[in-house]
Amino acid sequence: MKGVVLAGGTGSRLHPLTKVTNKHLLPVYDKPMIYYPIQTLVNAGITDILLVTGGNNAGEFLRLLGNGQDFGLQHLNYAYQEGEGGIAQALSLAEYFAGGAPVCVILGDNLIERNICTATKSFEKEGKGAKIILKAVSDAARFGVAEVKGDRVIRIEEKPKAPKSDKAVIGIYFYDGKVFEKIRRLKPSGRGELEITDVNNLYIEEGMLTYEVLEGWWTDAGTFESLLRANDLVARTGANKMTPNLVSSSVMPQGG
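Described below are features of the structure shown in this document. What you are looking at is a predicted structure, and each value in this text was computed from that prediction instead of being measured.

So, how was this worked out
- Residues numbered from 1 in each chain as written.
- Predicted model: local features only at pLDDT ≥ 70, side-chain atom pairs only at ≥ 80, totals over all residues.
- Heavy atoms only, no water.
- Core = buried A, V, L, I, M, F, W, Y, C linked by side-chain atoms within 4.5 Å.
- Buried < 20%, exposed > 50% of the residue type's maximum accessible area, 1.4 Å probe, protein only.
- Helix = DSSP H or I, 4+ residues; strand = E, 2+ residues; numbered from the N terminus.
- Contact = heavy atoms within 4.5 Å.
- 1 Å grid on protein atoms, 1.4 Å probe; cavity = no way out; pocket = protein on both sides within 12 Å on 5 of 7 lines; lining within 4 Å.
- Points joined across faces, edges and corners; volume = space filled by probe spheres on them.
- Nonpolar A, V, L, I, M, F, W, Y, C, P; charged D, E, K, R; others polar.
- Salt bridge = Lys/Arg side-chain N within 4 Å of Asp/Glu carboxyl O.
- Disulfide = S-S within 2.5 Å.

## Comments concerning the nonpolar core
One finds Val4, Leu91, Ile132, Tyr175 and Val199 to be the most contacted residues of the largest nonpolar core, which totals 36 residues. Element by element, the count of residues in this core is highest for helix α7 (residues 196-205), at 5 residues. Leaving out residues up to four positions away in the same chain, valine 199 has contacts with Ala88, Tyr175, Val179, Ile183 and Leu186. Ranked by size, the runner-up nonpolar core spans 34 residues in total, among them Leu25, Ile46, Leu73 and Ala140.

Here you go:
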């Protein structure tokens, strides 16, 4: 399995901090934000990694990360996204890199306490379709919210005013090699972007979207509030610990 870290966008919600640098290069406690999603992949045994970025500060990633030696990597791949075409459009840039292999995709501002080892092994065993990771949250209306039945996801609703569950879709996704065909079938959303939720919905239509449940904390870091939360969580508890059993397959825990 190959890994894709998506670190594009303008980071407009973090202005003026992001006027002079990419959001994913901002510090979270004692490391740049981008270190955390890369380490998440490496901890899961995924060492063939592509970083997709964009904007005016793409060269800073190369200067910071080089070939990934800080993570024990032999090589780190890079791709550049022109403009803001959405998460799915950014993922489409990984098609040549993936070469038909399954991919684990992680958004560059996603931080987790533990690891995704169990989810990775589970998806490799399934061998096809897609898998998303869910987390029970108290403010589900801010996120994509999943409805599940058995081990399958039957619906994802984006930022619903009245969420039907507390199961938020976090920014870690597993896809088989057919994901790029599905991206080519997409049409831009109302905001002019190719949406990753639309990709997931195509897998739902085929009955091929499974899920895993996150244990330990998770946060994004795309707003001032969530960036502060990320700094506090990492400072107090650490992140990306090499602790097994991050997720329990298809069994939803109670509470947040």
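## A short note on empty space enclosed by the protein
The tally for this structure, following the rule as stated, stands at 1 cavity of 30 Å³ or more. A volume near 30 Å³ is recorded for the largest cavity. If you go around the largest cavity, the residues you meet are Val145, Glu147, Arg155, Glu157, Pro160, Pro163 and Lys164. Mapped onto the lining of the largest cavity, the elements with two or more residues apiece are β9 (144-149) and β10 (152-158). Here the lining of the largest cavity is composed, by residue class, of 3 nonpolar, no polar and 4 charged.

## Concerning the pattern of salt bridges
In this structure the tally under the stated criterion is 15 salt bridges. The shortest N-O distance in the salt bridge between aspartate 48 and lysine 2 comes to 3.8 Å. With aspartate 48 in the loop between α1 (35-43) and β4 (49-54) and lysine 2 in strand β1 (residues 2-7), the pair connects residues that are 46 residues apart, well separated along the chain. Note that glutamate 212 is salt-bridged to lysine 131, the shortest N-O span being 2.9 Å.

## So, α7
In terms of residue burial, α7 counts as a mostly covered element, since 7 of its 10 residues are buried. Along α7, the residues classified as buried are Ile196, Thr197, Val199, Asn200, Leu202, Tyr203 and Ile204. Buried residues belonging to α7 abut α3 (87-92), β8 (130-136), β10, β11 (167-175), α6 (179-184) and β12 (209-213). Among the residues trailing α7, glycine 207 stands out with phi positive, at a value near 70°.

## Considering the layout of surface pockets
In this structure, the largest pocket encloses a volume near 1200 Å³. Mapped by element, the contributors of at least two residues to the lining of the largest pocket are β1, α3, β10, β11 and α7. At 4 residues, the largest contribution of residues to the lining of the largest pocket is made by β11. Of the residues contributing to the lining of the largest pocket, the split by class is 13 nonpolar, 19 polar and 11 charged. A volume near 280 Å³ is recorded for the second largest pocket. Lining the second largest pocket are 16 residues, with Asp139, Arg142, Phe143, Trp218 and Arg229 sitting closest to its centre.

## As for α1
In terms of burial, α1 is a largely internal element, 8 of the 9 residues being buried. Listing the buried residues of α1 in full gives Tyr35, Tyr36, Pro37, Ile38, Thr40, Leu41, Val42 and Asn43. The positive-phi residue at the C-terminal boundary of α1 is glycine 45, with phi of around 85°.

## A few points about the state of the cysteines
By the definition in use, this model includes 0 disulfides. Of all cysteine sulfurs, the one in cysteine 117 lies closest to cysteine 104, which takes part in no disulfide; the gap is 11 Å. For cysteine 104, a relative accessible area of 0% corresponds to the buried category. Classification of cysteine 117 by relative accessible area gives buried; the value is 18%.

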